[in-house]
Structure formats: C-alpha cells, structure tokens
Amino acid sequence: MMYGATIRLKAVSPLFMRGVDQRKAEFRSASVKGVMRWWFRALAGNYVSSIKELRNLEGSLFGMAGDSKSRRSKVVIEARSLSKPTPIHFGGRGNELDWDSWVKDLPYLFFSIKIGARKGQVNQFYKPGSRFEITIKSHDLKAYKAAMASLWSAVALGGFGFRARRGAGSLWFDGKNGAMEALELPTTLEAPDDLRRGIGRAIRLVGNAMDKEELPLKPTMDYPTLTETSSIVAVLGVERNPKLALKGFQTRYQSFRRNRKPTTRNVVFGLPIVKGRLGSLKNDAKGARRASPLLVSVKPFGGGYRVVLVKLRTRRFHENERLNRVADWEALKLLDGKLNETVVFGNLSNFESKNERWTSL
C-alpha cells in the first residue's frame, strides 16, 4: 500500500533557492529533502545519544549512499513551484512584494543577499505569496509519518533556501492541510500553544517511527537537537505583516549585538565575523565557518504575524578550541531580555553558563 500526501505552501517572506544554475531560482526536491533531513535529525535527538546512531536512523528513512551500507530512501519527496520566480532588479517601486522593499527595510538581516545580487550571483527570487507543492510518498506508514513530521517542523520552525536562518524563505501552509491535520500537526496557528502542541506531536511521530522511547536524560550533544534540555523555541509579538515583524526583530537584535563589546562576544551568533574588534582571534573568526544556532523565521498567527526563534545549543560550538572558548552561549538567553520572547518549548536555563567561563583572548 502506498501512503502519500500533497502539501501546498505559500511564501511568507522572499525565498532565495537556487538550482544547478546558481543564478536562477528553483524550488528543488533535493534542497527540500535536505532541509527535511536536518529537521529529522533535530527531532530524533530526543531518542539517541550518539551521532553514529543518529546517522543510521536518518539513513534508514531518507537513504544513505557512498559506502558499503548504501540504502534506498523509504520516502519519495517531490517538490515543485506553482509560481514563476521574479527577476531581481534595483530601483523598483518599493511596494510590499518588491525586492527593493525587503532589502531596504531589512538591510541587517538580508545584507548578504544584496551583496550577491550586486555581484550577479543571485538574479531571481520567489516573492512573498508565491506558491509551492511538496508530495511525500512511502510504502512504509511509519516512514511516511516521520517524513511528514520533518516537513511540518521545517515549515513551522524554520525556512528554506539562502539566508533562511535570518528570516528569508519562510513558508506556511496554503490553507488547512487535511493530511497534516490528520496527524495532529497544525496547519493554522492562532496562539503560541498551537505551536507548542505541534512540536510535541512531531517529536512523538519521529519516535514512534523509530520504535524508540524518549531518553529520560537528554544530554547536550555535539550536533543540534530539538530537546527540552538543549533548545528554546520562542515567539515574539504579533505584527500586521511579516516584513514589519522581521523589521522589529532586526532593530532589537542589531542593537543587542552592537552593544556587546568586544566583538568576540558575538562569536556564538555564527561565523565568519569579518568586522569589529576581534583581537588575536581576527584570523580565526574570519576564516571559520559555523552556522548560527539562532534560527529566525516569520509565520502567520491568527490575523497577524509573529517572528519564531529557535535556539539550539551544542556541547561544543566549534572544532577550533580558541573559538570554542569564547562562544558565550548565555548571550542567547540575554537576548530574551531585549526581545521579550514568549517561550513555547525548552527553557532559558538551557543557555546559562553551566560552569563555562567566557574568556577574552
């Protein structure tokens, strides 16, 4: 028997996803599957205690290639755009759907997108309101449910494409989706509690698919996991449109970072850092790569929009020990005081120092 569902999505913020031709926008199945795999790992972290076990579970669902343990994927994922991409140009009218409007109002969050466009590296994007379709199929019911939970988490808690961790590529369900709702995964949000219930349900669906019980004690691991003891999911206040919601976050986030001196105290927000007082860490911070543990997206709630923040702590911040020592995880807790977040999952105490001393080099 084949289990399957088609999920229609709509862009809440501009989406920058590229295909084989890096200059052209393309909503690709491979890219969507990659995002789903990431969220599966985050959810599965509630049930495993080693990266080896996690990779085996991921491979058993989504497939594994490249070695003697190659396995076929249990799920088929097909993605396509129902809307055409829009050319990027400067000097537009500046209305809510224009490229210029978003880049002008969100220069701090979208700065690298603007740089890429100026260099001709990004020539197209999917504007807000663009529609997409993702189909999930599997002969294995448990695998189907785990894949659906992974996709729901990707949509509800994150984004897709370039600069997705800073508000670009936020998608939402284009109307209530019966297949998701049948799994008790909400496709409309009225209040923060709806998001909380969805997160708990997604975690349980993945555990059921793996025939595993949640770990009674969930240690902080070297890879990001969405657990009560190593993460926070929070929402900000309601705004009338998604750009205004992101703009409000941008103002407070930028102010928070600028007031943290020296610049090395901001290492925890992601690398590289190319400007600021870096001292002896200058070359390390400029040459290193580390995705931000702070994920920013914007989602519809009731008649308005809220910024959704996901903070994911890991045991080690970076393999470079000098950078690892200055990664001030408590900054992600202190940021709450600036943003006045409403926590829906996890606890702010997850980001206390826990006997780790911030060191200035």
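Higher on the page you've got the structure.
Residues numbered from 1 in each chain as written. Predicted model: local features only at pLDDT ≥ 70, side-chain atom pairs only at ≥ 80, totals over all residues. Heavy atoms only, no water.

Some words on the overall build of the protein chain
No. 1: Of the regular secondary structure elements, the protein chain holds 11 helices and 10 strands.
No. 2: The C-alpha radius of gyration of the protein chain comes to 20 Å, within 12% of the 21 Å expected for a compact globule of 361 residues.
No. 3: Buried positions account for 53% of the 361 residues belonging to the protein chain.
No. 4: Across the protein chain, contacts joining residues at least 24 apart in sequence account for 74% of those joining residues at least 6 apart.
No. 5: Summed over all atoms, the accessible surface of the protein chain reaches about 16,100 Å², with 48% contributed by carbon and sulfur.
No. 6: If you average the places of the 64 positive and of the 33 negative side-chain charges in the protein chain, the two averages end up 6 Å apart. (Helix = DSSP H or I, 4+ residues; strand = E, 2+ residues; numbered from the N terminus. Rg over C-alpha atoms; globule rule 2.2 N^0.38 Å. Buried < 20%, exposed > 50% of the residue type's maximum accessible area, 1.4 Å probe, protein only. Contact = heavy atoms within 4.5 Å. Areas by Shrake-Rupley, 256 points an atom, 1.4 Å probe, with all protein chains shown as cover. Lys, Arg positive; Asp, Glu negative; His and termini not counted. Charge placed at Lys NZ, Arg CZ, Asp CG, Glu CD.)

With respect to helix α7 (residues 192-210)
No. 1: The terminal C-alpha atoms of α7, which comprises 19 residues, lie 28 Å apart, in line with the 27 Å expected from a rise of 1.5 Å per residue.
No. 2: Trailing α7 by a residue or two, aspartate 211 shows a phi angle of about 55°, which is positive. (Expected span 1.5 Å × (residues − 1).)

Quick notes on the environment of proline 293
No. 1: Looking at the secondary structure, you find proline 293 in the loop between α9 (282-287) and β8 (294-301).
No. 2: The buried category is assigned to proline 293, whose relative accessible area is 3%.
No. 3: For proline 293 and proline 224, which are 69 residues apart along the polypeptide, the C-alpha to C-alpha distance reads 8.0 Å.
No. 4: Residue contacts for proline 293: discarding those within four places in its chain leaves Arg165, Val268, Phe269, Gly270, Val310, Lys311, Leu312, Trp329 and Leu332.

Regarding the packing of aromatic side chains
No. 1: Enumeration over the complete set of coordinates arrives at 15 aromatic pairs.
No. 2: Pairing phenylalanine 40 with phenylalanine 62 gives two aromatic rings, centres 5.8 Å apart and planes at 80°, and the pair type is edge-to-face. Remark: phenylalanine 62 occurs in helix α2 (residues 51-62) and phenylalanine 40 occurs in helix α1 (residues 29-44); sequence separation between them is 22 residues.
No. 3: Taking relative accessible area as the criterion, phenylalanine 40 reaches 1% and is therefore assigned buried.
No. 4: A residue is classified by how much of its surface remains accessible, and phenylalanine 62, at 2% relative accessible area, is buried.
No. 5: Between tyrosine 253 and phenylalanine 269 the ring centres are 5.6 Å apart and the planes differ by 80°, which places this aromatic pair in the edge-to-face class. Of this pair, tyrosine 253 sits in helix α8 (residues 242-258) while phenylalanine 269 sits in the loop between α8 and α9, and the two are 16 residues apart along the sequence. (Phe/Tyr/Trp six-rings, centres within 6.5 Å; stacked < 30°, edge-to-face > 60°.)

Here's the deal with the nonpolar core
No. 1: Counting residues in each nonpolar core, the largest one holds 113 residues, and the members touching the most others are Leu195 and Leu226.
No. 2: Per-element accounting of this core gives the leading share, 12 residues, to helix α5 (residues 141-157). (Core = buried A, V, L, I, M, F, W, Y, C linked by side-chain atoms within 4.5 Å.)

Some words on the sheet that holds strand β6 (residues 171-173)
No. 1: What the four strands build is an open sheet, ordered β2-β5-β1-β6; its pairing is antiparallel. Both outer strands of the open sheet, β2 (76-81) and β6, are each paired with one neighbouring strand and no more. Ignoring strand direction, the axes of neighbouring strands in this sheet form an average angle of 30°.
No. 2: As defined by bridge partners, strand β1 (residues 3-11) adjoins strand β5 (residues 131-138) across eight bridges and the pair is classed as antiparallel. Paired with tyrosine 3 across the bridge in β5 is serine 138.
No. 3: Contacts from α1 reach β2 and β5, with the element oriented near 125° to β2. (Pairing = 2+ DSSP bridges. Axes fitted to C-alpha atoms, helices over the stretch in contact; angles between N-to-C directions.)

Let's talk about the packing of α1 against α7
In helix packing, the relevant descriptors are the interaxial angle and the interaxial distance, both defined with respect to the helix axes.
No. 1: Across the interface, α1 lies against α7 with an axial gap of 9 Å and an inter-helix angle of 85°. By the angle between their axes, α1 is roughly perpendicular relative to α7. Along the contact surface, α1 presents Phe40, Leu43 and Ala44, while α7 presents Ala202, Ile203, Val206 and Met210.
No. 2: Here the contact of α1 with α7 is built from residues that sort into seven nonpolar, no polar and no charged. (Parallel < 35°, antiparallel > 145°, perpendicular 65-115°, else oblique. Nonpolar A, V, L, I, M, F, W, Y, C, P; charged D, E, K, R; others polar.)

Some thoughts on the environment of glutamate 133
No. 1: The residue glutamate 133 is located in strand β5 in this model.
No. 2: On the accessibility criterion, glutamate 133 (12% relative accessible area) is buried.
No. 3: Residues glutamate 133 and asparagine 259 lie 126 residues apart in sequence; the distance between their C-alpha atoms is 43 Å.
No. 4: With residues up to four places along the chain from it excluded, the contact list for glutamate 133 reads Thr6, Ile7, Arg8, Phe27, Glu78, Ala79, Arg80 and Leu82.
No. 5: Here the side chain of glutamate 133 touches arginine 8 through a polar contact of 3.0 Å, side chain to side chain. (Polar contact = N/O pair within 3.5 Å; in protein donor to acceptor, adjacent residues only side chain to side chain.)

Examining the pairing of strand β7 (residues 231-235)
Each regular strand carries side chains that alternate between the two faces of the sheet.
No. 1: Counting buried positions along β7 gives five out of five residues, so the element sits mostly inside the fold.
No. 2: In β7, alternate side chains face the same way, and those of Ser231, Val233 and Val235 on one face and Ile232 and Ala234 on the other are all buried.
No. 3: Here four bridges tie β7 to strand β10 (residues 342-346), and the two strands are oriented antiparallel to one another. Within β10, the position partnered with alanine 234 by the bridge is valine 343.

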